[in-house]
Amino acid sequence: MATNTQVKQQLANKVNGGVQKQVPPEQTLNALLKRMGPEIQRALPKHMDADRIARIALTAVRTTPKLLECDQTSFLAAIMQSAQLGVEPNTGLGQAYLIPYGKNVQFQLGYKGLIDLAVRSGQYKAIYAHEVYVNDEFEFQYGLNKDLIHKPASNPDGEPVGYYAVYHLKNGGFDFVYWTKERIDKHAQKFSQAVQKGWTSPWKTNFDAMAKKTVLKEVLKYSPKSIELQKTIEADSTIKNEIAADMSDIIDVTDYSVVEDVSEHKSEELASGQVFEDKLV
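Residues numbered from 1 in each chain as written. Predicted model: local features only at pLDDT ≥ 70, side-chain atom pairs only at ≥ 80, totals over all residues. Heavy atoms only, no water.

Asks: Outline the packing of helix α6 (residues 111–120) against helix α10 (residues 207–220), supporting the account with residue identities and numerical values.
Replies: The contact between α6 and α10 brings their axes to 9 Å, and the two run at 30 degrees. Classified by the angle their axes make, α6 and α10 are roughly parallel. Counted together, Tyr 111, Leu 114 and Ile 115 of α6 and Ala 209, Lys 212, Lys 213, Leu 216, Lys 217 and Leu 220 of α10 form the full contact between these two elements. (Axes fitted to C-alpha atoms, helices over the stretch in contact; angles between N-to-C directions. Helix = DSSP H or I, 4+ residues; strand = E, 2+ residues; numbered from the N terminus. Parallel < 35°, antiparallel > 145°, perpendicular 65-115°, else oblique. Contact = heavy atoms within 4.5 Å.)

Next comes the structure, spelled out in structure tokens:
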């Protein structure tokens, strides 16, 4: 197991003859990922390998250069969380993301990754989320006999008016949650620092995805969950500054001090087009 101190020592520039060599951050990261390869590999499911994770990490920093300015221990911690969950961050699959959050890197699941991991747990026959438009045929009821009927319109009219998530268990059980767009907005305003402060965030750039993730996490609150799936949900939107064989053992350091750090750098980040994620309840 690599300790936080060991990782920081690996990240330090080596001194040769009393002269400190300046190494490009991407080169330093590449070397570090190679050294950490065996440990990353041990954490990976069979369908992934350490070289693949290293390539994804380097692609992420090329598309989001701000990652290179973050603490690289938190970057490695986010990579390790991705590896252990078996999801690929910052790819077109939309499974997970590595987000510059102040001076740290935040690991965040996408709603597609959340669905994939729930199905992978073996308890769910199906799990999905959809938006509802005003001209859809849609009705639902709670109570003793829960039911939901949704027949989408051929040509959706306007913006979505609501979102729902449904799961079906292999044993025949099921449940769903429906929230109006207004309720989603209130939830985001209450729990999202980015929304409250008007920062550019996925709530602005990809509202539908964030709304689907919100109702998915809400319906999963009441579902039967394995310990592994519970760990998956708890890993979402976390910042960790240590490396361990089981990243779920590491405490999330996300707090308001991180948010304040983001606030101090808001003007610079927004000018560069940087997008912030926030901790979604």
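There is more to say after this.
Asks: Describe the pairing of strand β7 (residues 147–151), and please don't skip the residues or the numbers.
Replies: The pairing of strand β6 (residues 137–141) with β7 spans 5 bridges and is classified as antiparallel. Its bridge partner being in β7, Gln 141 is matched across the sheet by Asp 147. The loop that links β6 with its antiparallel partner β7 comprises 5 residues; one of these, Gly 143, has a positive phi angle of about 95 degrees. (Pairing = 2+ DSSP bridges.)

Asks: So what about the packing of aromatic side chains? Which residues, and what values?
Replies: Taken as a whole and judged by the stated rule, the model has 10 aromatic pairs. Judged by centre distance (5.2 Å) and plane angle (20 degrees), the rings of Tyr 142 and Phe 176 are stacked. Here the residue Tyr 142 occupies a position in the loop between β6 and β7, and Phe 176 occupies one in strand β9 (residues 174–180), the gap between them amounting to 34 residues. Since its relative accessible area comes to 40%, Tyr 142 is described here as partly exposed. Considering the side-chain rings of Trp 203 and Phe 207, the 5.4 Å spacing of their centres and the 65 degrees angle between planes classify their relative orientation as edge-to-face. (Phe/Tyr/Trp six-rings, centres within 6.5 Å; stacked < 30°, edge-to-face > 60°. Buried < 20%, exposed > 50% of the residue type's maximum accessible area, 1.4 Å probe, protein only.)

Asks: Give me the nonpolar core: which residues, what numbers.
Replies: If you look at the biggest cluster of nonpolar residues, it comprises 63 residues, and the most contacted ones within it are Leu 33, Ile 40, Phe 75, Leu 98, Phe 107, Ile 184 and Leu 216. Other than its neighbours up to four places away in sequence, Ile 40 contacts Leu 33, Ala 50, Ile 53, Ile 79, Met 80 and Ala 83. Formed by 5 residues, the second largest nonpolar core is a distinct cluster that contains Tyr 164, Val 166, Phe 176 and Tyr 178. (Core = buried A, V, L, I, M, F, W, Y, C linked by side-chain atoms within 4.5 Å.)

Asks: Just give me the short version of unusual backbone geometry, but keep the residues and values in it.
Replies: Positive phi is not limited to glycine here, since Asn 90 has a value of about 55 degrees. Inspection of the secondary structure assignment puts Asn 90 in the loop between α5 (72–85) and β3 (96–101). Unlike most non-glycine residues, Ser 237 shows phi in positive territory, near 60 degrees. You can see Ser 237 is positioned in the loop between α11 (227–235) and α12 (256–264).

Asks: Summarise the side chain of Thr 238; cite the residues concerned and give the values.
Replies: For Thr 238, the location among the structural elements is in the loop between α11 and α12. Engagement of the side chain of Thr 238 in a polar contact is seen with the side chain of Gln 81, the distance being 3.3 Å. (Polar contact = N/O pair within 3.5 Å; in protein donor to acceptor, adjacent residues only side chain to side chain.)

Asks: Quick one: what's the story with the environment of Met 36, residue by residue and with numbers?
Replies: Counting through the fold element by element, Met 36 comes out in the loop between α2 (25–35) and α3 (37–43). Exposure remark for Met 36: the relative accessible area of 3% places this residue in the buried category.

Asks: Account for the pattern of salt bridges, naming residues and giving values.
Replies: On inspection of all chains with the given rule, the structure shows 10 salt bridges. Arg 120 is the partner of Asp 116 in a salt bridge, and the nearest nitrogen-oxygen pair spans 2.4 Å. With Asp 116 and Arg 120 both in helix α6, this residue pair falls 4 residues apart, about one helical turn. Owing to a relative accessible area of 28%, Asp 116 belongs among the partly exposed residues under this scheme. A salt bridge links Lys 221 to Glu 218; the shortest N-O distance between them is 3.1 Å. Ionic contacts of the salt-bridge type, sharing partners, join the residues Lys 213, Lys 217 and Asp 236 into one network. (Salt bridge = Lys/Arg side-chain N within 4 Å of Asp/Glu carboxyl O.)

Asks: How would you summarise the confidence of the model for the protein chain if you had to cite specific residues and measurements?
Replies: Per-chain confidence: the protein chain averages 80 in pLDDT, with 79% of residues scoring 70 or above. Segment residues 13–20 is flagged for pLDDT under 50; beyond a separation of four residues in sequence, or across chains, it makes 8 contacts in the model. In this model residues 256–281 is a low-confidence stretch, pLDDT under 50, and it forms 74 contacts with partners more than four residues away in sequence or in other chains. (pLDDT = per-residue confidence, 0-100.)

Asks: How would you explain helix α7 (residues 181–191) if you had to name every residue and give the values?
Replies: For α7, the set of buried residues is Ile 184, His 187 and Ala 188. Taken end-on, α7 shows its buried residues confined to a sector of 95 degrees, consistent with a single buried face. Turned more than 90 degrees away from the buried face of α7 sit Glu 182, Lys 186 and Lys 190, all of them exposed. (Arc of directions from axis to C-beta.)

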